[in-house]
Amino acid sequence: MRWSLTQLNKFKQKSIAVNEKVQFGEITDRKDVTGTEETSVEGEIHIRNREILVDLTIDTVVNMLDSRTSEDIEVPLHIESQEVFVEEPGETDELAENVHPVTHTLDLEPIVRELIVVNIPYVITKSDETLTGGNNWSVMKEEELAEDAEKVDPRMAKLKSLLDDSENKEE
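Cut-offs applied
Residues numbered from 1 in each chain as written. Predicted model: local features only at pLDDT ≥ 70, side-chain atom pairs only at ≥ 80, totals over all residues. Heavy atoms only, no water. Helix = DSSP H or I, 4+ residues; strand = E, 2+ residues; numbered from the N terminus. Buried < 20%, exposed > 50% of the residue type's maximum accessible area, 1.4 Å probe, protein only. Contact = heavy atoms within 4.5 Å. Areas by Shrake-Rupley, 256 points an atom, 1.4 Å probe, with all protein chains shown as cover. Salt bridge = Lys/Arg side-chain N within 4 Å of Asp/Glu carboxyl O. Core = buried A, V, L, I, M, F, W, Y, C linked by side-chain atoms within 4.5 Å.

1. Brief notes about the overall build of the protein
So, point 1. On a plain count of helices and strands, the protein comes out with four helices and ten strands.
So, point 2. Scanning the protein from its N terminus toward the C terminus, one meets helices and strands in the order β-α-β-β-β-β-β-β-β-α-β-β-α-α.
So, point 3. Looking at the protein as a whole, 29% of its 171 residues are labelled buried.
So, point 4. Summarising the internal contacts of the protein: among those between residues at least 6 apart in sequence, 60% fall at separations of at least 24.
So, point 5. Of the roughly 12400 Å² of accessible surface on the protein, a fraction of 47% belongs to carbon and sulfur atoms.

Structure below.
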C-alpha cells in the first residue's frame, strides 16, 4: 500500500483501485486488545493537481478481552473513510483532521492502522445480562437507598444529637 508520487502522477484525472490484504502485528498497546486478523483494505485513489483523494473501506476483526469475563471475543470492524493527501503543503495551510502531507511516497498503512485503533471500542462485552451485584457492591432500588440514608451509624448518633441541638438553639 505504498506508491511513489511519480507513479501516481501517471494516473492524473484517473482513479487507481486499491484491493489489499494486510496482516498487522501489534496494532495498539492496549492490554485488552490481543490482536487483529487479516485486514481487507479496498478503495480508490483519485489524483488531482496537488491533492490525492483516497476513499477507503476497511474490514477487519479485532480480538479483544471481554470487559466483564476476560474471555477472548472477536469484534468485527467496518470502517469507511475519505482521506486527503496534499503534496508539499504551504506553511500557511492549516491541515484538517483527514488531510495528510505527503512528500515522496504515499503510504496508506499508517492511516489504516490509525483508523482501526480509533474505531476499537473501549468497553465490549458479549453478555446482555444486567449486573445486579459484584464483589462488595450491589444495585439498590431508590426506596432501599432512602431507608439506608435514614439509618444513623451508631458511632455518629451522638454527633447527630449535637447537630439537632444546635439547630433548635438557632430557631
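2. Quick notes on the pattern of salt bridges
So, point 1. Scanning the entire structure with this criterion turns up four salt bridges.
So, point 2. Of the charged contacts in the structure, one is a salt bridge between Lys126 and Glu71, with a shortest N-O distance of 3.1 Å. One end of the pair, Lys126, is in the loop between helix H2 (109-119) and strand S9 (133-134); the other, Glu71, is in the loop between strand S5 (51-65) and strand S6 (72-87), and 55 residues separate them in sequence.
So, point 3. Between Glu109 and Arg113 there is a salt bridge, with its nearest N and O atoms 3.7 Å apart. Taken as a pair, Glu109 and Arg113 lie in helix H2 at a separation of four residues, close to a single helical turn.
So, point 4. With a relative accessible area of 34%, Glu109 lands in the partly exposed category.
So, point 5. Owing to a relative accessible area of 25%, Arg113 belongs among the partly exposed residues under this scheme.

3. Section: the nonpolar core
Nonpolar side chains in soluble globular proteins tend to be buried together.
So, point 1. Ile45, Leu106 and Ile116 are the most contacted members of the largest nonpolar core, which has 32 residues in total.
So, point 2. If you list the elements that add at least two residues to this core, you get helix H1 (5-9), strand S2 (15-22), strand S4 (39-47), S5, S6 and H2.
So, point 3. At six residues, S5 tops the list of elements feeding residues into this core.
So, point 4. The contacts of Leu106, once residues within four sequence positions are left out, are Met1, Arg2, Trp3, Leu8, Ile45, Ile52 and Phe85.

4. Observations concerning unusual backbone geometry
So, point 1. A positive phi angle, close to 65 degrees, is found at Ser70, a residue other than glycine.
So, point 2. As for its position among the elements, Ser70 is in the loop between S5 and S6.
So, point 3. Owing to a relative accessible area of 52%, Ser70 belongs among the exposed residues under this scheme.
So, point 4. Of note in the backbone geometry, Asn136 takes a positive phi value of approximately 70 degrees without being a glycine.
So, point 5. Among the secondary structure elements, Asn136 is positioned in the loop between S9 and strand S10 (137-138).
So, point 6. Its relative accessible area of 78% is what places Asn136 among the exposed residues.

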